[in-house]
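Understanding the architecture of this molecule
One letter stands for each residue in the lines below.
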Amino acid sequence: MSVRSAAPTGALEQIVWPRTARRRDDGVVEIAGIGLDEIAERFGTPAYIIDEADVRSRARAYREAFARAFAAIGTQADVYYAGKAFLSSHVAQWVTEEGLRLDVCSGGELAIAKKAGVPGENIGMHGNNKGVAEIDDALAYGVGRIVVDSFEEIDRVADAAARHGITAPVMIRVKLGVEAHTHEFIATAHEDQKFGFSAADGQIGDAVARVLARPELHLLGFHSHIGSQIFESAGFKEAATRLIALQLQVAKEHGVELPELDLGGGFGIAYLPSDAPLDPAEMATQLAGIVREACQNADVAVPRVSIEPGRSIVGPGGVTLYRVGTVKPVQASDDLVRTYVSVDGGMSDNARPALYQADYHAALANRGGSDELTPTRIVGKHCESGDIVVRDIDFPSDTRDGDLVVVAATGAYCRALASQYNHVPRPPVIAVADGDARVLLRRETIDDLLALEGE
Ligand SMILES: *Cc1c(COP(=O)(O)O)cnc(C)c1O
C-alpha cells in the first residue's frame with residue numbers, strides 16, 4: 001500500500017520545524033545554515049539539536065506581547081521560562097538575555113540557574129515537596145518568590161526565612177478544578193491531584209491565614225497552572241475569574257490587596273502539521289482582556305500578572321536526529337503492511353510517546369527520499385514494544401539503513417525526561433546558530449555509566 005505525497009518531494013511543513021530549518025536543493029535538511037548530515041558526522045547520532053535563534057525569538061515574542069497587552073490594561077506582565085521543559089546554563093542565559101525570568105522546581109535546576117548567573121530576584125521556585133535544603137538554597141540566593149504548595153511548606157519556608165533573617169516572598173499555589181487539557185497525565189489542576197491548595201474544602205482560606213500569620217513571609221498572590229499543550233484561552237478565563245474572586249475574598253477578610261497573580265504555563269505548540277497553536281500576541285491580548293474583565297466585575301485593582309511558558313519557548317526550536325538501522329515490513333492487519341523503521345535512540349531520549357501517547361512528525365534528513373510514501377512507524381532500539389518515536393507517518397518508501405531521520409518539536413520534555421534505560425547513554429544537545437554548532441550538553445558515555453558503580 002502506498003500513497004503519493006501531495007507536497008514536492010520531502011518538502012518541510014514549516015509549522016512543526018525550527019524557524020531556520022529548510023531542505024536544501026541537494027535534499028539535505030539544514031538548520032541555522034548547517035546540514036544535518038554534517039551534524040551527524042561531527043557529533044554522532046542520536047543528537048538533540050536546538051536552533052538558538054528560534055528559542056530566542058519565541059522568548060522575545062512572549063516578553064514583548066505580554067508587556068504590550070498588559071500595559072494596555074494598566075499593569076505589568078512577567079514571563080517566567082519554566083526551566084523544567086529543558087534547562088542548561090546556556091538556555092538559562094538566552095532567556096535571561098531576552099528579558100525572561102526563570103522558574104525552577106528543584107535544587108538541581110536552581111544550581112543551573114546560579115551557574116548561568118540568573119539574578120536571584122528573577123527566579124521563582126515551585127514544587128509540591130521542596131526539601132528544607134532546597135528552600136535554604138533558594139533563600140540564600142535571594143529568589144524572587146517561592147510558590148508554596150502545602151501547610152508544611154508554609155512553615156518550612158517561614159522557618160527558613162527566620163534562620164536567614166529575611167522576609168520570603170511567597171505565592172500560594174491553588175487548584176481551581178479547571179482542566180485545560182484532555183490528557184490526565186499532564187493535566188495538573190484536577191481536584192484529585194497533588195498540586196496546590198483546594199478551593200473546594202476551605203484549604204485556600206486557611207493557607208492565606210497561615211501565611212499572613214507569619215511575619216517572615218510576604219504574600220504576593222495566588223498561583224495556578226491549569227494544564228499543558230493548551231490551544232485556547234477558555235480554561236485561562238475560567239481560572240482567572242476564580243483567582244480574582246479569591247483575591248477579592250482575601251481583601252474582604254484580611255484587608256490585604258494581593259499585588260500579583262500567576263496564570264501558569266501550558267501554551268500549546270505544533271507537534272503535527274495539523275496543529276494550530278495561538279501565537280503569543282493573540283494569547284496575550286486574550287489573557288489581558290480576561291484579567292481586565294474579571295477585575296472589573298469583582299471591582300479589584302488589576303494585579304501584576306505572570307505566566308510560565310516552558311514548552312512554547314524551547315519545544316519548537318528543538319529536533320532530534322537519528323540514524324536508521326533496520327527497516328522491516330510488518331503485516332499490521334489484513335489490509336495494512338506497515339514499515340517499521342528502527343532508529344538508534346528511542347524512549348530513553350523521548351519518553352513522551354510512551355508516557356502520554358504523544359504524536360510526533362519526522363522527515364528524512366540526508367535526502368528528500370522517494371515521493372512514493374508508505375505507512376510507517378518509527379521505533380527505537382529499546383526492549384519495549386511501546387518504544388515508539390513516531391506512531392504513524394507516511395514516509396518515503398525507499399527509507400533504508402544509514403539514512404538520517406529528524407523528528408520535529410523535541411526541544412521540550414525530551415532531554416529533560418531522558419533516561420539511560422537499557423544503559424543507553426543520553427545524547428548530546430547541540431546548539432546551532434548562524435552556521436555554527438556548539439555543544440550545550442555533551443554526549444554521555446558508557447564510562448559515565450560505569451563511573452556510577454560502587455566499589
Ligand atoms: C510544567 C509547568 C509549567 C510549564 O508548562 P508548559 O506546558 O511547558 O508551558 C509552568 N508552570 C508550572 C507550575 C508547571 O508545573
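Note on numbering: residues in each chain are counted from 1, in written sequence order. In keeping with the predicted nature of the model, local features appear solely for residues at pLDDT of at least 70, side-chain atom pairs appear and are counted solely at 80 or more, and the whole-chain, interface and lining totals rest on all residues. Excluding hydrogens and water, the side-chain values take into account all heavy atoms of the structure.

Spelled out, the test is: UniProt positions are given in the numbering used here, feature names are shortened, and annotations may be inferred rather than shown by experiment.
Identification of the protein as Diaminopimelate decarboxylase from Dermacoccus nishinomiyaensis is taken from an unreviewed UniProt entry. According to its UniProt record, the protein has this under Function (unreviewed entry): "Specifically catalyzes the decarboxylation of meso-diaminopimelate (meso-DAP) to L-lysine." Of the protein, the UniProt comment under Pathway (unreviewed entry) reads exactly: "Amino-acid biosynthesis; L-lysine biosynthesis via DAP pathway; L-lysine from DL-2,6-diaminopimelate: step 1/1."

**What to know about the environment of D275**
Rules: Elements are defined by DSSP. Helices are runs of H or I of four residues or more, strands are runs of E of two residues or more, and each kind is numbered from the N terminus. Any two residues whose heavy atoms approach within 4.5 Å at even a single point are treated as in contact.
By the element assignment, D275 lies in the loop between β13 (260-262) and α9 (280-298). The sequence separation of D275 and S333 amounts to 58 residues, and the corresponding C-alpha distance is 28 Å. Leave out the neighbours within four places in its chain, and D275 touches I15, F231, I269 and A270.

**Here's the deal with helix α5 (residues 132-140)**
Stated formally: Relative accessibility thresholds used throughout: buried, under 20% of the residue-type maximum; exposed, over 50%; partly exposed, between the two (1.4 Å probe, protein chains only). Along the arc lie the directions from the helix axis toward the C-beta atoms.
Listed in full, the buried residues belonging to α5 are I135, A138 and L139. Down the axis of α5, the buried set is contained in an arc of 95 degrees. They therefore lie on one face. α5 presents A133 and A140 as exposed residues on the side facing more than 90 degrees away from its buried surface. Against α4 (107-116), β8 (123-125), β9 (145-148), α6 (151-164) and β10 (168-175) lie the buried residues of α5.

**Remarks on the site of the ligand**
The line we're drawing: Working definition: residue near molecule or strand if any one of its non-hydrogen atoms lies within 4 Å of it. Polar contact is defined as a pair of N or O atoms within 3.5 Å, subject to the rule that within protein one atom must be able to donate a hydrogen and the other to accept it, and that residues adjacent in sequence are counted only when both atoms are side-chain atoms. Methods summary: accessible areas were calculated by the Shrake-Rupley approach with a probe of 1.4 Å, and residue burial reflects only the protein chains presented. Following the grouping adopted for this structure description, the nonpolar residues are Ala, Val, Leu, Ile, Met, Phe, Trp, Tyr, Cys and Pro, the charged ones are Asp, Glu, Lys and Arg, and the polar ones are all others, Gly among them.
Lining the immediate environment of the ligand, one finds 15 residues, of which K84, G266, E308, R311 and Y413 sit closest. A distance of 2.8 Å separates an oxygen atom of the ligand from a polar backbone atom of G266. Considering the ligand on its own, with 390 Å² of exposed area, one finds that the protein chains cover 94% of that surface. Of the residues belonging to the shell around the ligand, the class tally is four nonpolar, seven polar and four charged.

**Some thoughts on the nonpolar core**
What counts, and what does not: Each nonpolar core is a collection of buried residues, namely Ala, Val, Leu, Ile, Met, Phe, Trp, Tyr and Cys, held together in the definition by side-chain atoms within 4.5 Å. The source of the domain bounds is an automatic or database domain assignment.
Among the nonpolar cores identified, the biggest contains 131 residues, and F66 and Y81 are the most heavily contacted of them. The element that contributes the greatest number of residues to this core is α9, accounting for nine residues. Among the domains, domain 1 (14-51 + 316-450) and domain 2 (72-314) are the pair contributing at least three residues each to this core. Not counting residues up to four positions away in its chain, the partners in contact with F66 are A77, V79, P280, M283, A284, L287 and I307.

**Describing the pairing of strand β14 (residues 304-307)**
We apply this condition: Criterion used throughout: strands pair if DSSP finds at least two bridges between them. The handedness of a crossover follows from its direction of travel: if, with the strands pointing away from the viewer, the path from the first strand over the helix to the second runs clockwise, the crossover is right-handed.
As paired elements, strand β6 (residues 77-82) and β14 share three bridges and run parallel to each other. Residue pairing across strands places V79 opposite I307, the latter belonging to β14. Two elements, β13 and β14, share three bridges in a ladder whose sense is parallel. Among the inter-strand pairings, E260 is bridged to a residue of β14, identified as R304. Each parallel crossover has a hand, and the one from β13 via α9 to β14 is right-handed.

**Remarks on the UniProt feature "binding site: substrate" (unreviewed entry) in the protein**
In the numbering used here, UniProt assigns the "binding site: substrate" (unreviewed entry) feature to R311, R352, Y356, E384 and Y413. Maximum C-alpha separation among the annotated residues is 26.7 Å over a sequence range of 103 residues, too wide for a single clustered spot. Its place among the elements puts R352 in helix α11 (residues 352-356). The residues touching R352, leaving out its near neighbours within four places in the chain, are Y271, R311, Q357, A358, Y360, A412, Y413 and L417. A distance of 3.5 Å separates a polar atom in the side chain of R352 from a polar atom in the side chain of Y271. Of note, Y413 is situated in the loop between β20 (404-407) and β21 (429-433). With sequence-adjacent residues up to four places away left out, Y413 is seen in contact with K84, A85, R311 and R352.

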